Amino acid sequence: MDSEQFRECAKATIEMLIDYYENIRNRNVLPSVEPGFLLKLLPENAPEEPEDWKTVLNDFSEKIMPGVTHWHSPHFHAFYPTGCSYPSIIGNILSDGLGVIGLTWMASPACTELEVVTMNWFGKLLGLPEVFLNCSDGPGGGVIQGSASEATLVALLAAKDKMIRRLTRINPSLDHDTLKNKFVAYTSDQCNSSVEKAGVLGSMKMRLIKSDSNGKLRGETLKKAFEEDKAQGLIPCYVVANLGTTGTCAFDPLCELGPVCNEENVWLHVDAAYAGAAFICPEYRYLMKGVEYVDSFDVNVHKWLLVNFDCSAMWVKDCYDLIYAFDVQRVYLDDVNTSIKIPDYRHWQMPLGRRFRSLKLWTVMKMYGAEGLRKHIRDQIGLAQYFANLVRSDDRFIVEPEPSMGLVCFRLRDGVHNTKKLLQNLVEKKVLFMVPCTYRSRYVIRYVITSRLTTKEDIETSWNIIKDETNLLINPDKINSKAKSISTIDHLNSISICEKSK
């Protein structure tokens, strides 16, 4: 592909993406394919001869696109948002176009320094204490990791190394391997699976501590767990607090957990992957009261803040805790030699190489501005409240717990069987996509505002589909309700069919 072909192909690709987003409502949110569909469509071996870019884009449209789940559809309400916006796509294009790898400062000075700048910008927007920022006098700073999963593991490994250094300073004769086997990590039973996985990958026992009736890990519960393990000769080492749990978006009280961890010299990491984005709005910062106690803090910018995956913002109170854990020197990898506070980020992460990810954070923050990002968060929370009110208006449903951020959990009053069946029927029709969780041992359906394209009209459409499917489930003999349900879903499917025929 030469420059002229690239110009033509790039223009066609951009037009294809614009058309995709402008017409995404015309597609079923879930694909109608079976496992192995693409294995049958594509050849077993790579092509020997080069193919024209038009053929490649045509194959993408005809073979790959039918198997895509449309995460940015206004009718995708599962999991949590994945960020996407035109400014972020521009940032990604620039990053991919430059193709630099930030091994060291000299490998691409702008790659390192733009990350410092944008992480300071973002940390200030969140209202983090200055000690976490690279612009502070202390050793704190921010770094972009690939995901919250990665940040949790990085913090766990740093916590393990820091605890070994602390204990061997007290008693140099201690055996490191013996110590490691005694370390214990703690988190709530409402944690994301990635937190538990960090314990597996980091070879540290991870205790999932029972949360209270509202899904929060309390300080007294954590303190009791510490005491139980210390009585058995174990060593509390690492705690992960959740600011916005995966199931119900509950917030662990840092003001309770922090003092318990600080008293025992235990590393406290905050997983605020989804909900942490809301702290750019001052009215939600009360939810991170006690953040001054924590050692590391992470927010997935690629979830709720319109930045495409991957871009996870992690701050640490003391960057040397990372450097001591991960520093491996080679003659061809010189550390930056300057009196200015500039990090060598390879010591702050697991991989050696790193993409120019700060470019897409930079383009989003510049093109939306702080106020535009706050408006996005507030609008999506408002849409969630609007949906919750619609659900409450129908006495067949219960909203519980109280909506949190952009998440609404609900269930049918007449039992778990029908709630499960309702979700199953909705997902099978592929027009809406939601997933379940449990709250106080009860099965509930999660409805999350995920797409930046979602409007009140989309919420109303989703709610009508849910109501109509409920009519079919609970009142199957009501022909009028059935006709209405069929017309609603068939109308959306007919749009999808028409769109595919274009």
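Preceding this section is the structure that the text describes.
Residues numbered from 1 in each chain as written. Predicted model: local features only at pLDDT ≥ 70, side-chain atom pairs only at ≥ 80, totals over all residues. Heavy atoms only, no water.

Description of the pairing of strand 10 (residues 435–439)
For step 1, the next point in the chain: Of the two faces of strand 10, only one is covered, namely that formed by V435, C437 and Y439; the face formed by P436 and T438 stays uncovered.
For step 2, the next point in the chain: In this sheet, strand 11 (residues 442–448) lies alongside strand 10 in antiparallel orientation, the contact comprising five bridges. Across the sheet, the residue bridging to P436 is I445, located in strand 11.
For step 3, the next point in the chain: Where strand 10 folds back on strand 11, the antiparallel hairpin that results is connected by two residues, among which R440 adopts a positive phi of roughly 50°. (Buried < 20%, exposed > 50% of the residue type's maximum accessible area, 1.4 Å probe, protein only. Helix = DSSP H or I, 4+ residues; strand = E, 2+ residues; numbered from the N terminus. Pairing = 2+ DSSP bridges.)

Some words on the side chain of N308
For step 1, the next point in the chain: Along the chain, the position of N308 falls in the loop between helix 11 (301–304) and strand 7 (312–316).
For step 2, the next point in the chain: Residue class for N308 comes out buried when judged on its relative accessible area of 14%.
For step 3, the next point in the chain: For N308, the residues in contact, after removing those within four places along its chain, are G83, C84, S85, S88, I89, N92, H302 and K360. (Contact = heavy atoms within 4.5 Å.)

A few points about the pattern of salt bridges
For step 1, the next point in the chain: Here the structure, examined in full by the defined rule, presents 26 salt bridges.
For step 2, the next point in the chain: Of the charged contacts, one joins R207 and D229 as a salt bridge, the two residues approaching to 3.2 Å between their closest N and O atoms. Taken together, the residues span a long stretch of sequence, with R207 in strand 3 (residues 205–209) and D229 in helix 9 (residues 219–231) at a distance of 22 residues. (Salt bridge = Lys/Arg side-chain N within 4 Å of Asp/Glu carboxyl O.)

Description of the sheet that holds strand 11
For step 1, the next point in the chain: Strand order in the open sheet made by the four strands is 8-9-11-10, with antiparallel pairing throughout. With one partner strand each, in any of the chains shown, strand 8 (397–399) and strand 10 form the two edges of the open sheet. The average angle at which neighbouring strand axes cross in this sheet is 40°, direction not considered.
For step 2, the next point in the chain: Sheet topology places strand 9 (residues 407–412) next to strand 11; four bridges connect them, and they run antiparallel. Looking across to strand 11, one finds that C409 is bridged to R446. (Axes fitted to C-alpha atoms, helices over the stretch in contact; angles between N-to-C directions.)

Overview of the packing of helix 1 (residues 3–22) against helix 3 (residues 53–64)
For step 1, the next point in the chain: Look at helix 1 against helix 3: their axes get within 10 Å of each other, and the N-to-C directions meet at 20°. Between helix 1 and helix 3, the angle falls in the class roughly parallel. For helix 1 against helix 3, the interelement crossing comes out right-handed. Of helix 3, the residues touching helix 1 (which contributes Q5, E8, C9, A12, T13 and M16) are W53, L57, F60 and S61.
For step 2, the next point in the chain: Residue classes in the contact of helix 1 with helix 3 are distributed as six nonpolar, three polar and one charged. (Parallel < 35°, antiparallel > 145°, perpendicular 65-115°, else oblique. Left-handed = near helix turned anticlockwise from the far one by under 90°. Nonpolar A, V, L, I, M, F, W, Y, C, P; charged D, E, K, R; others polar.)

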